[in-house]
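Descriptive analysis of the structure
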Amino acid sequence: MGTTGRGTVHSPQAEFRCPACGEPVATEMRRHKTMGTFVPLWGPGPCHNRECADYAGPEETAADGPADAPAVGTG
């Protein structure tokens, strides 16, 4: 009997590519609740190639927030 490994659907270290243009895209982790536990689901992020048909717009960073959000400590 051989071992089959962990049976992971997709390795989080693997590189995803945009299906439309083939450029590398970031890996995103989403959560899926299974039997009361959240399980990570790894998948492709949005494409940020301006020439791509699936272009998602400019990348947002964690420091960027909604423009209409009030500033912390004011008021």
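Scroll up to find the structure.
Here the structure is a predicted model, which is why all the values come from computation and not from measurement.

**Section: the pattern of salt bridges**
If you walk through the whole model with that rule in mind, you get 2 salt bridges. Salt-bridge contacts for R17 lead to E15; the nearest nitrogen and oxygen are separated by 3.4 Å. Its relative accessible area of 52% is what places E15 among the exposed residues.

**Section: unusual backbone geometry**
Positive phi values are uncommon outside glycine, yet M35 reaches one of about 50 degrees. Relative to the elements of secondary structure, M35 occurs in the loop between β3 (27-34) and β4 (37-44). Since its relative accessible area comes to 82%, M35 is described here as exposed.

**Focus on the pairing of β3**
Where β3 meets β4, 8 bridges bridge the pair, whose relative direction is antiparallel. The partner of T34 across the bridge, within β4, is T37.

What counts and how
- Residues numbered from 1 in each chain as written.
- Predicted model: local features only at pLDDT ≥ 70, side-chain atom pairs only at ≥ 80, totals over all residues.
- Heavy atoms only, no water.
- Salt bridge = Lys/Arg side-chain N within 4 Å of Asp/Glu carboxyl O.
- Buried < 20%, exposed > 50% of the residue type's maximum accessible area, 1.4 Å probe, protein only.
- Helix = DSSP H or I, 4+ residues; strand = E, 2+ residues; numbered from the N terminus.
- Pairing = 2+ DSSP bridges.

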